[in-house]
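# Overview (structure and organization)
What follows is the residue order along each chain.
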Amino acid sequence: MCGIVGAVAQRDVAPILIEGLKRLEYRGYDSAGLAVIDRHSVLGRLRRIGKVSQLEDALNHEPVRGGTGIAHTRWATHGEPSERNAHPHMSGDITVVHNGIIENHEELRAELRGKGYVFESETDTEVIAHLIHHERKSSETLLEALQKAVTQLDGAYGTVIMDRNDPDLIVVARSGSPLVIGQGIGENYVGSDQLALLPVTHRFQYLEEGDVAEITRDKVSIFNFAGEPVERELIDSDLDHQAGDKGEFRHFMLKEIFEQPQAIASTLEGRLTDSHVAVEAFGHNAREIFEKVGAVQLIACGTSYNAGMVARNWFEDLGIPCRVEIASEFRYRRAFVPDNCLFVTITQSGETADTLAALRLAKEQGFMNSLTICNVPGSSMVRESDMAFMTRAGAEIGVASTKAFTTQLTALLMLVTAIARSRGRMTEEQESQIVSDLRGLPHAINEVLELKDTITELSEDFADKHHSLFLGRGTMYPIAMEGALKLKEISYIHAEAYAAGELKHGPLALIDSDMPVVVVAPNNELLEKLKSNMEEVRARGGQLYVFADRHARLVAGEGVKVIPLGEISDQIAPILYTIPLQLLSYDVALIKGTDVDQPRNLAKSVTVE
Ligand code: G6P
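Within any chain, residue numbers begin from 1 and follow the written order of that chain's sequence. A pLDDT threshold of at least 70 governs which residues receive local features in this predicted model, and a stricter bar of 80 or more applies before side-chain atom pairs are shown or counted, although totals over entire chains, interfaces and linings include all residues. Computation of side-chain values covers all heavy atoms of the structure but excludes hydrogens and water.

### Observations concerning the site of the ligand
Stated formally: Being near a molecule or strand, for a residue, means having at least one of its heavy atoms within 4 Å of it. By the criterion applied in these results, polar contacts are pairs of N or O atoms within 3.5 Å in which, for protein atoms, one can donate a hydrogen and the other can accept it, and in which residues neighboring in sequence qualify only through two side-chain atoms. Accessible surface area values rest on a Shrake-Rupley calculation with a 1.4 Å probe, where residue burial reflects the displayed protein chains alone. Points on a 1 Å grid over protein atoms alone make up a cavity when a 1.4 Å probe fits among them but cannot get out, and a pocket when they form an open set with protein on both sides within 12 Å along at least five of seven lines; lining residues each have an atom within 4 Å of a point. Those molecules having more than half of their atoms within 2 Å of a cavity or pocket grid point set are described as sitting in that cavity or pocket. Helix and strand assignments come from DSSP, with helices taken as H or I runs of at least 4 residues and strands as E runs of at least 2, each series counted from the N terminus.
Around the ligand there are 13 residues in total, and Ser-304, Thr-347, Gln-348, Ser-349 and Thr-352 lie nearest to it. In the model, an oxygen atom of the ligand is placed 2.7 Å from a nitrogen or oxygen of the Thr-347 side chain. Within the backbone of Val-399, a nitrogen or oxygen atom sits 3.3 Å from an oxygen atom of the ligand. Computed on the free molecule, the ligand has an accessible area of 390 Å², of which 90% lies beneath the protein chains in the complex. Of all the cavities here, the one that holds the ligand is the second largest pocket. Per-element accounting of the shell around the ligand gives the leading share, three residues, to helix 9 (residues 302-317).

Here is the structure:
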């Protein structure tokens, strides 16, 4: 999704803008642009379709320099990817970048046309530029013009604006699309993600909904939606400057797969006692809240939704009613709210537009309390939920989520345990077993990662296929869903997941030797059922790839390849069986030569509906 970087400094900010954009590339985009103003009010603007490196090349050939600048990576919503539609957009002396969607752009466009404005692009953003230009005529300051303009905008925006006549400042506004201000020494910055600004600062202020701000080299002034001056907390980020580097790995995705033992160790750190999950890790009043929980509603999108599907099984196994729903569905229907229902969002970024909208809706619907399982401190979901549990996976750059997912599962297993114990639904022995399994996770993942070479060999069988099927039962059904999602995201092979028992109700018709069937088969009480499903595939000439417990007595043979995993306890099996599926999709994508870290048409953080 779109990215924003802005800076006000004495030095030339173009390199800061380019570096910031590169660090936002992982969000997904199709064009990029920047504009800078120098101290003589000379403005230079460059825009290019394609990668930030193309913009950088353009900058090297036609240098533009200045101490005040804004930059953007665009992910097309209104109007095709083209130089004309790329940001920054201009109206006279006003220059604008924008993330989000202006819903009433057509009405505004018509009004502005009536006032004589001529539109050069098909974007909704250009409306903001002309609107501010218009308001500037009757305003004392650029900030006042922005304040007047935002009252006329419906929709979502994080926007940053410069005026050529005021070369030493930028103004910004946030509503529905995140913006963070970075404070430097004698220079200040703004970005849509703190990652963009890490090379220049670690001190951040997140804007809240409805905030506008004026940023100069030595001052940041923030105002709320009512125009009152406000202070926003200054956070010292502990994110590593190197977070955006691939290190020795060929792709971020591979690096992040191999980071999982460490990431999960961080999720657990300080949150387990000898035999308990520390309930307080969910918030100082979590114990009191959890004792009252009668039901749980989980809400998420994409990979995070798959994590929720696993957790539903965990909750209901212990007699705690749990529903899980995709945020974009939940927000547009009337959901039943059980008594004392805890509302839980699962979100890597903390900014997914549908999940955030669902959280806001839930607050009006009588849910008991809200909790977010999130990976980004200071994000919207963290700030707007009653409780937040940080997964501490570290920055995840690859669009296809890996370590964010397994740390979400780890966090969810801790949540299930904490609630079940508070509700008297779990014995001390059960809790102690889970705690011991959790502690063993980093080591167990390292063992599964040793399968890398075996899986690389296997991946050859998939690279020329167009379709594939993933099967699982119980908690392994969502893991099959996650495996299928990974494969389709990065290798572009059509992959579908089915609860194995549904095979006869349709997908069996598709089985032939061209359709690899991946089965996730831990050694649990559903194994025998799963074996019958495998026979059904085999009898029809299908090719099976079975990830199975080495004690499951599954034998490889004609049409069956078995990839054995160690003995794994039921509770943590979903976490461990995810890893080989991640490796498989990575290796298949590698053979196919796709853009592993930035698959076509996808974005890391979906901040528009
Ligand atoms: C996008 C990402 C997915 C992610 C989903 C939900 O589709 O590409 O990897 O699972 O958004 O994002 P969230 O940040 O809310 O977990």
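### Describing the UniProt feature "domain: SIS" (unreviewed entry) in the chain
This is how the line gets drawn: UniProt positions are given in the numbering used here, feature names are shortened, and annotations may be inferred rather than shown by experiment.
According to UniProt, the feature "domain: SIS" (unreviewed entry) maps to residues 286-425 and 458-599 in the numbering used here. For residues 458-599, the end-to-end C-alpha separation is 22 Å, with 35% helix and 22% strand making up the annotated structure.

### Regarding the layout of surface pockets
We count it as follows: Grid points are joined across faces, edges and corners, and a volume is the space filled by probe spheres set on the points. Note that Gly is not counted as nonpolar here; it falls among the polar residues with everything else outside the nonpolar set of Ala, Val, Leu, Ile, Met, Phe, Trp, Tyr, Cys and Pro and the charged set of Asp, Glu, Lys and Arg.
Considering only enclosed or pocket space, the largest pocket measures out at about 720 Å³ in volume. Looking at the largest pocket, it is lined by 34 residues, and the ones nearest its centre are Leu-239, Asn-375, Pro-377, Gly-394 and Ala-395. In terms of residue count, helix 7 (residues 260-268) provides more of the lining of the largest pocket than any other element does, three residues in total. Here the residues of the lining of the largest pocket sort into 12 nonpolar, 11 polar and 11 charged. Space inside the second largest pocket adds up to approximately 500 Å³. As for the second largest pocket, its lining consists of 25 residues, and the residues nearest its centre are Cys-301, Gly-302, Ala-603, Lys-604 and Val-606. Going through the elements one at a time, helix 9, strand 18 (341-347), helix 11 (353-364), helix 13 (403-422) and helix 16 (476-491) are the ones with two or more residues in the lining of the second largest pocket.

### Observations concerning the packing of aromatic side chains
How two aromatic rings sit relative to each other is given by the distance of their centres and the angle of their planes. For clarity, the threshold we go by: A pair of Phe, Tyr and Trp rings is counted when the ring centres sit within 6.5 Å of each other, with Trp represented by its six-membered ring. The angle between the planes then sorts it: under 30 degrees is stacked, over 60 is edge-to-face, the rest tilted. Three labels apply to residues, based on accessible area from a 1.4 Å probe with only protein chains included: buried if under 20% of the type maximum, exposed if over 50%, partly exposed otherwise in between.
All chains considered together, the criterion is met by seven aromatic pairs. Taking the centre distance of 5.6 Å and the plane angle of 45° together, the rings of Phe-330 and Phe-343 count as tilted. One end of the pair, Phe-330, is in helix 10 (residues 327-330); the other, Phe-343, is in strand 18, with 13 residues separating them in the sequence. Owing to a relative accessible area of 0%, Phe-330 belongs among the buried residues under this scheme. In this structure Phe-343 comes out as buried when scored by relative accessible area, which is 0%.

### A word on the pairing of strand 17 (residues 322-326)
Looking along a regular strand, one sees the side chains alternate between the two faces of the sheet. Note the following rule: Strands are treated as partners if at least two bridges between them are detected by DSSP. For a crossover, the right-handed case is the one in which the path from the first strand over the helix to the second runs clockwise, viewed with the strands pointing away from the viewer.
Bridging between strand 16 (residues 295-300) and strand 17 involves five bridges; their strand directions are parallel. When the sheet's bridge partners are listed, Ala-300 is paired in strand 17 with Ile-326. Regarding the hand of the β-α-β motif, the stretch spanning strand 16, helix 9 and strand 17 is right-handed.

### Overview of the pattern of salt bridges
The test is simple: One speaks of a salt bridge when a side-chain nitrogen belonging to Lys or Arg is within 4 Å of a carboxyl oxygen belonging to Asp or Glu.
The tally for this structure, following the rule as stated, stands at 33 salt bridges. A salt bridge links Asp-595 to Lys-51, with the nearest nitrogen and oxygen atoms 3.4 Å apart. One end of the pair, Asp-595, is in the segment after helix 18 (573-592); the other, Lys-51, is in the loop between strand 3 (43-49) and helix 2 (52-61), and 544 residues separate them in sequence. Note that Glu-259 and Lys-255 form a salt bridge whose closest N and O atoms lie 3.2 Å from each other. Taking relative accessible area as the criterion, Lys-255 reaches 14% and is therefore assigned buried.

### Some details on helix 14 (residues 428-449)
What counts, and what does not: To estimate the expected span of a helix, subtract one from its residue number and multiply by 1.5 Å. Bend is the name given here to the angle between axes fitted to two runs of seven residues, the run ending at a residue and the run starting at it.
In this model, helix 14 (22 residues) spans 32 Å end to end at C-alpha, consistent with the 32 Å of a helix rising 1.5 Å per residue. At Leu-441, helix 14 is deflected by roughly 50°, the largest bend along its length, and proline Pro-442 occurs up to four residues later in sequence. Buried within helix 14 we find Glu-431, Ile-434, Val-435, Asp-437, Leu-438, Leu-441, Pro-442, Ala-444, Ile-445, Val-448 and Leu-449.

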